[in-house]
Number of protein chains: 2
Amino acid sequence: MDKKILLGHGSGGKLTRELIENLFVKHFSNEVLDRQSDSAVLDVPSGKMAFTTDSFVVDPIFFPGGDIGKLAIAGTVNDLSVSGAKPLCLSCSFILEEGFPLAELEKIVISMAKEARKAEVSIVTGDTKVVNKGKCDKVFINTSGVGLLNASFQHISTGDYIQPGDKILVNGSLADHGMAILAARNEMNLHADIESDCASLNHLIRKVLEAGVHVKFMRDATRGGAATVLAELAENKPFGLEITESKIKIGENVRGICEILGFDPLYVANEGKVILVVSEEDAGKALEIMQSDELGKQATIIGEIVNQHPGKAWLNTGIGGKRIIDMLAGEQLPRIC
Amino acid sequence: MDKKILLGHGSGGKLTRELIENLFVKHFSNEVLDRQSDSAVLDVPSGKMAFTTDSFVVDPIFFPGGDIGKLAIAGTVNDLSVSGAKPLCLSCSFILEEGFPLAELEKIVISMAKEARKAEVSIVTGDTKVVNKGKCDKVFINTSGVGLLNASFQHISTGDYIQPGDKILVNGSLADHGMAILAARNEMNLHADIESDCASLNHLIRKVLEAGVHVKFMRDATRGGAATVLAELAENKPFGLEITESKIKIGENVRGICEILGFDPLYVANEGKVILVVSEEDAGKALEIMQSDELGKQATIIGEIVNQHPGKAWLNTGIGGKRIIDMLAGEQLPRIC
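## Section: the overall build of chain A
Counting secondary structure elements, chain A contains 8 helices and 14 strands. Relative to a compact globule of 337 residues, whose C-alpha radius of gyration would be 20 Å, chain A shows 21 Å and is just as compact. With the principal axes as the frame, chain A shows a C-alpha extent of 65 × 55 × 35 Å. Total accessible area on chain A is roughly 12,600 Å²; 48% of this is exposed by carbon and sulfur atoms.

## Describing the sheet that holds strand S10 (residues 240–244) of chain A
Residue and element names in this part refer to chain A. Here 7 strands make up an open sheet; going across it, the order is S9-S11-S8-S12-S10-S13-S14 and the pairing mixed. A strand with exactly one partner marks an edge of an open sheet, and here the two such strands are strand S9 (215–220) and strand S14 (322–325). Across the sheet, the mean angle from the axis of one strand to that of its neighbour is 25°, orientation sign disregarded. Of the pairings in the sheet, the one linking S10 to strand S12 (residues 300–306) comprises 4 bridges and is antiparallel in character. Across the sheet, the residue bridging to glutamate 242 is glutamate 304, located in S12. Where helix H5 (residues 202–210) meets the sheet, its contacts fall on S9 and strand S11 (274–278), and the angle it forms with S9 comes to roughly 175°. Helix H8 (residues 283–291) rests against strand S8 (167–170), S11 and S12 of the sheet, and its axis sits at about 5° to S8.

## Thoughts on the pattern of salt bridges
The full count for this structure, using the stated rule, is 44 salt bridges over all chains. The partner of Asp127(A) in a salt bridge is Arg223(B), and the shortest N-O contact between them spans 3.0 Å. In this pair, Asp127(A) is assigned in strand S6 (residues 122–131) and Arg223(B) in the loop between strand S9 (215–220) and helix H6 (225–234), connecting two distinct chains. With a relative accessible area of 8%, Asp127(A) lands in the buried category.

## Brief notes about the relation of the copies chain B and chain A
For these two chains of identical sequence, chain B goes onto chain A by a turn of 180° and a shift of 0.0 Å along the axis, with RMSD 0.0 Å. Interpreted geometrically, this transformation is the action of a two-fold axis. In this assembly the copies share their binding face: 100% of the residues contributing to the interface of chain B also contribute to that of chain A.

## Describing helix H5 (residues 202–210) of chain B
Residues and elements named next belong to chain B. Every buried residue of H5 is accounted for by Asn202, Leu204, Ile205, Arg206, Val208 and Leu209. Buried-residue contacts for H5 involve helix H2 (68–82), strand S5 (85–97), helix H3 (102–119), S9, strand S11 (274–278) and helix H8 (283–291). Phi turns positive one or two residues past the end of H5, at glycine 212, with a value near 85°.

## Side note on the interface of chain B and chain A
Across the contact, 77 residues belong to chain B and 77 residues belong to chain A. In total, chain B and chain A occlude about 6,200 Å² of area from one another, counting both sides; carbon and sulfur atoms represent 55% of this. On the chain B side of the contact with chain A, Asp38(B), Phe51(B) and Arg223(B) bury the most area, a combined 13% of that side's loss. Counting the contacts that link chain B with chain A gives 14 salt bridges. A salt bridge links Glu235(B) to Arg17(A); the nearest nitrogen and oxygen atoms lie 2.8 Å apart. Applying the counting rule to chain B against chain A returns 43 residue pairs in polar contact (both at pLDDT 80 or more). Here the side of chain B that touches chain A takes 9 residues from strand S2 (residues 47–56) of chain B, the largest share from any one element. Residue composition of the side of chain B that touches chain A, grouped by class: 29 nonpolar, 29 polar and 19 charged. Here strand S2 (residues 47–56) of chain A pairs with strand S1 (residues 40–44) of chain B via 5 bridges, running antiparallel.

## Concerning the domain arrangement of chain A
Frequently, the measure chosen for interface size is the accessible area removed from exposure when the parts meet. Residue and element names in this part refer to chain A. In terms of domains, chain A is made up of domain 1 (7–153) and domain 2 (167–325). Just the C-alpha atoms count here: the centres of domain 1 and domain 2 sit 27 Å apart. Contact residues are listed per partner, giving 24 residues for domain 1 and 22 residues for domain 2. Carbon and sulfur atoms make up 59% of the area that domain 1 and domain 2 hide from each other, which totals about 1,900 Å². Sorting the residues of domain 1 by area buried against domain 2 places Pro64, Asn78 and Val82 first, and these three jointly supply 28% of that buried surface.

## Focus on the environment of Cys198(A)
Residue and element names in this part refer to chain A. Summarising the element assignment, cysteine 198 is placed in the loop between helix H4 (176–184) and H5. By relative accessible area, which is 3% here, cysteine 198 ends up buried. Setting aside its immediate chain neighbours within four residues, cysteine 198 contacts Gly65, Lys70, Leu71, Ala74, Glu271 and Gly272.

## A word on the packing of aromatic side chains
One pass over the full model with this rule turns up 6 aromatic pairs over all chains. Between Phe24(A) and Phe28(A) the ring centres are 6.3 Å apart and the planes differ by 20°, which places this aromatic pair in the stacked class. A residue pair is termed a helical-turn pair when its members lie 3 or 4 positions apart in one helix, as Phe24(A) and Phe28(A) do in helix H1 (residues 14–28) at 4 residues. Residue Phe24(A) is classed as buried on the basis of its relative accessible area, which comes to 8%. A centroid spacing of 6.4 Å and a plane angle of 85° characterise the contact between Phe51(A) and Phe51(B), whose relative ring orientation is edge-to-face. Within this pair, whereas Phe51(A) is found in strand S2, its partner Phe51(B) is found in strand S2, the two belonging to separate chains. Taking the relative accessible area as the measure of exposure, Phe51(B) reaches 0% and is therefore buried. Through pairs of rings, three or more aromatic residues link up here, namely Phe24(A), Phe28(A) and Phe94(A). Sitting over the face of the ring of Phe62(B), Lys107(B) holds its NZ or CZ atom 4.3 Å from the ring centroid. Note that Lys129(B) overlies the ring of Phe56(A), its terminal NZ or CZ placed 5.3 Å from the centroid.

## Structural notes on helix H7 (residues 252–261) of chain B
Residue and element names in this part refer to chain B. Along H7, the residues that are buried comprise Val254, Ile257 and Cys258. With its buried residues spanning 100° around the axis, H7 presents them on a single face. Facing away from the buried side of H7, by more than 90 degrees, are the exposed residues Glu252, Glu259 and Ile260. Buried residues along H7 sit in contact with helix H4 (176–184). Just downstream of H7 lies glycine 262, where phi reads positive at about 80°.

## Focus: the side chain of Arg17(A)
Position of Arg17(A) relative to the elements: it lies in helix H1. A distance of 2.8 Å separates the side chain of Arg17(A) from the side chain of Glu235(B), its partner in a polar contact. With near-sequence residues (within four places) excluded, Arg17(A) lies in contact with Glu232(B), Glu235(B) and Met327(B).

Criteria and thresholds
- Residues numbered from 1 in each chain as written.
- Chains lettered and ligands numbered in written order.
- Predicted model: local features only at pLDDT ≥ 70, side-chain atom pairs only at ≥ 80, totals over all residues.
- Heavy atoms only, no water.
- Helix = DSSP H or I, 4+ residues; strand = E, 2+ residues; numbered from the N terminus.
- Rg over C-alpha atoms; globule rule 2.2 N^0.38 Å.
- Areas by Shrake-Rupley, 256 points an atom, 1.4 Å probe, with all protein chains shown as cover.
- Pairing = 2+ DSSP bridges.
- Axes fitted to C-alpha atoms, helices over the stretch in contact; angles between N-to-C directions.
- Contact = heavy atoms within 4.5 Å.
- Salt bridge = Lys/Arg side-chain N within 4 Å of Asp/Glu carboxyl O.
- Buried < 20%, exposed > 50% of the residue type's maximum accessible area, 1.4 Å probe, protein only.
- Least-squares fit on C-alpha atoms with pLDDT ≥ 70 in both.
- Buried area = accessible area lost by both parts, 1.4 Å probe.
- Polar contact = N/O pair within 3.5 Å; in protein donor to acceptor, adjacent residues only side chain to side chain.
- Nonpolar A, V, L, I, M, F, W, Y, C, P; charged D, E, K, R; others polar.
- Domains from an automatic or database assignment.
- Phe/Tyr/Trp six-rings, centres within 6.5 Å; stacked < 30°, edge-to-face > 60°.
- Lys NZ or Arg CZ within 6 Å of the ring centre and 35° of its normal.
- Arc of directions from axis to C-beta.

What follows is the structure in structure tokens.
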């Protein structure tokens, strides 16, 4: 178990094949992947398909609540899910640093396999590259995914049917992922006991959609945080957004670290949080469904769509004031995902 | 034009959006991408679909005959094409090093857009991550792709119908890409005037398939070279392969460098070469079609499937001898693609 990644593991020859068979196919095994052809062959029904991609460079690669592997599965599953699609399968491509311990790679692969089973998606095709020591940082992972999209959910990613009165919901507390990563970094001597919220949201989202809730928009609040999603949603629209700060849940430890370090939790990355806009009449039902799911216990209605201040998102602060929610400018935390 | 990539370009906030709009959407523009939603939405007919992924870490990023961008498009187009699929669209994900010149990124993006137009595929979704200076090497690109697969071509990636008598073809000279990369590296003072063969082969392959040629197997001979494709094809099969060395074209400069440095051109990477197995009766027709294409002018029949030595690929050498073709063991040239 003290074996390390060699340049030869990326050669396309014998060592590459050993890695594929003894590691990737072993843990990800499924009928399509096991064929090991240049492309995976899928059976698809006619209709709309969603297609997405994400590269993961998170540092550190292991953190409380997850690791780069779990994140790579959940992140792409969530990108498909917030488009209204049912994730079907994923690709998975590794860029490995020469000398990276094989035992750590296996830990990541096992974590990916576990999260994929949980989300009920298959990893059907992959690729491995190895770069010389010092030319990347341990491991980077790209996952791309395809999902089946019911045409009646196609408006969700664009938010075309949003109108004043619609309610804005989120499935729980904000800023957990970003602060967990920050605390896990060695440079700060923080022992904060914060876990990343990193999780695949497809089952939770599916429950809401299948209950017939009129969902008008969904987006996962990752890099840029909830604020960036809300600011982008309002931008150039004939309506405004009003968010009530007191309705936004922030964990006690997370709030503490944010205050000490001067982070606004609204701008900190999440990896298991989705923001939904639903019709006023369905908001209660949506909230109930979300709260009944393990990943939505702390769901709340955080705001609504309004006629006022079109194009802008406003936050009603705890002290009775108001401030504008803008997109993240600059970088808050590099390599958060 | 002396602007550089900042960590903020990967933040998910304003700078990320500027990069997407002023660079990626500007050059890759198409109806699907322009919507900029979390997932691209595609219309697909029912049937078989091919799905593949590849990460590119080639060093140097610009080389005679191409660059990392052209390679990233052609590589994934070729992976889909050799499966018998018609490439439909690609995703594109960048990992950028802080400080990388924006002008170089734009050069790469323009090259990708050009190659995508040539191959008639759209880039419909993407992602950008930025890592701190020194944590990756300039730029890594992942492209994933989906293609439509006619069920009657489904056997091509597995080679199930191969039988003795079938002919083995290749569309031109071998080892150009690997030797072009080697010569382009600064560490060797080689001025070899070698161009990479980097190209999208989908149109050439489509012509062969649509002419009704009975193609039984195809694979692009990338990392590991033609030898690895041939050795893998023979492995555990009830038939053998015989290749005639004199039928394999190698450019004069390429042969020269291979001899000086001790490389076997059969093991050197190509990025625009496909190996086909076709029925004996269709071999002449296939050759003619390939030779009529710009990318197949130098196509030859290099060997055949035989009853002898099942599971093994043999090379009939120029001097009347025979040697076995095995898979590449170890690493020949790191970061070749």
